[in-house]
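So you can see what is in the structure, the chains are spelled out below.
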Amino acid sequence: MKILSTCAAAALMFATVGCDESALDREADAVRDQTQEQAEDIRDASQSSAEATRDATQNAAAELRDRTDNATESVQDRAEYKADAIEERGEEVADQKEVVGERKADAIEDRGEAKADALEDLDEE
């Protein structure tokens, strides 16, 4: 039993020693965490901006439609056409904001990953 306990303790010690992270590994993990947070903040901001754009253009289109409720049919048709164009343009702008935000976030993640990898490579040397 004593031999079994000694072997188990030795195995645990070797496993623990092998799992210790170096300072560079911890720094690499911190870089990854930080860049993930920055990227997520950028994604959230671009999503919020896109939603605000969508809301604003939908409200503008609705107001245009409301102003022409009592107008002649031809005026209502022109207003409907303009309102649809406002909504379509707003959707395009909102989509573009999301694309730009995603690209920025991806670039930050890529730079962070490269920096973290470089730190880990230094640790292996």
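Please read all numbers here as calculations on a predicted model, not as lab measurements. (Residues numbered from 1 in each chain as written. Predicted model: local features only at pLDDT ≥ 70, side-chain atom pairs only at ≥ 80, totals over all residues. Heavy atoms only, no water.)

1. Topic: the overall build of the protein chain
Point 1. What the protein chain contains, in helices and strands, is three helices and zero strands.
Point 2. Ordered by position in the sequence, the α and β elements of the protein chain form the string α-α-α.
Point 3. A total of 125 residues make up the protein chain; the buried ones form 21% of that total.
Point 4. Within the protein chain, residue pairs in contact and separated by at least 24 positions form 79% of the contacts whose partners lie at least 6 positions apart.
Point 5. For the protein chain, the accessible surface area stands at approximately 9000 Å², while carbon and sulfur atoms represent 54% of it. (Helix = DSSP H or I, 4+ residues; strand = E, 2+ residues; numbered from the N terminus. Buried < 20%, exposed > 50% of the residue type's maximum accessible area, 1.4 Å probe, protein only. Contact = heavy atoms within 4.5 Å. Areas by Shrake-Rupley, 256 points an atom, 1.4 Å probe, with all protein chains shown as cover.)

2. Comments concerning the pattern of salt bridges
Point 1. Summed over the entire model, instances satisfying the criterion amount to 15 salt bridges.
Point 2. For Glu98, the salt bridge identified is with Arg54, shortest N-O distance 3.2 Å. Of the two residues, Glu98 is situated in helix α3 (residues 73–124) and Arg54 in helix α2 (residues 23–67); the sequence distance between them amounts to 44 residues.
Point 3. You can call Glu98 partly exposed: its relative accessible area is 22%. (Salt bridge = Lys/Arg side-chain N within 4 Å of Asp/Glu carboxyl O.)

3. Some details on the environment of Glu120
Point 1. Examined against the element boundaries, Glu120 turns out to sit in helix α3.
Point 2. On the basis of relative accessibility, which here comes to 23%, the residue Glu120 falls in the partly exposed class.
Point 3. Once the C-alpha coordinates of Glu120 and Ala23 are considered, the two residues, 97 residues apart in sequence, prove to be 9.7 Å apart.
Point 4. For Glu120, the contacting residues outside a window of four places in its chain are Asp25, Ala28 and Arg32.

4. Here's the deal with the side chain of Thr68
Point 1. Looking at the element boundaries, Thr68 is found in the loop between α2 and α3.
Point 2. Thr68 gets classed as buried once you look at its relative accessible area, which sits at 13%.
Point 3. Within the local environment of Thr68, its side chain forms a polar contact with the backbone oxygen of Arg65, the two atoms lying 3.1 Å apart.
Point 4. In this structure Thr68 touches Val75, Gln76 and Ala79, once residues within four positions along its chain are discounted. (Polar contact = N/O pair within 3.5 Å; in protein donor to acceptor, adjacent residues only side chain to side chain.)

5. Observations regarding a negative patch on the surface
Point 1. Together, Asp33, Glu37, Glu40, Asp41 and Asp44 give the surface a local cluster of negative charge.
Point 2. By relative accessible area, Asp41 is classed as exposed at 53%. (Patch = residues over 30% accessible without salt bridge, like charges linked within 9 Å, V, L, I, M, F, W, Y side chains within 5 Å. Lys, Arg positive; Asp, Glu negative; His and termini not counted. Charge placed at Lys NZ, Arg CZ, Asp CG, Glu CD.)

6. Re the confidence of the model for the protein chain
Point 1. Looking at the protein chain, the pLDDT average stands at 86 and 82% of residues meet or exceed 70.
Point 2. Taken together, the stretch residues 4–10 has pLDDT below 50 and engages in zero contacts with residues farther than four places along the chain or on a different chain.
Point 3. Below pLDDT 50 for its whole length, residues 12–17 participates in zero contacts with residues either more than four positions away or in separate chains. (pLDDT = per-residue confidence, 0-100.)

7. Focus: the environment of Glu92
Point 1. Within the fold, Glu92 resides in helix α3.
Point 2. Note: C-alpha distance between Glu92 and Thr53 (39 residues apart in sequence) is 9.7 Å.

8. Let's talk about the side chain of Arg32
Point 1. With respect to the helices and strands, the residue Arg32 is situated in helix α2.
Point 2. A distance of 2.8 Å separates the side chain of Arg32 from the side chain of Asp117, its partner in a polar contact.
Point 3. Setting aside its immediate chain neighbours within four residues, Arg32 contacts Glu113, Ala116, Asp117 and Glu120.

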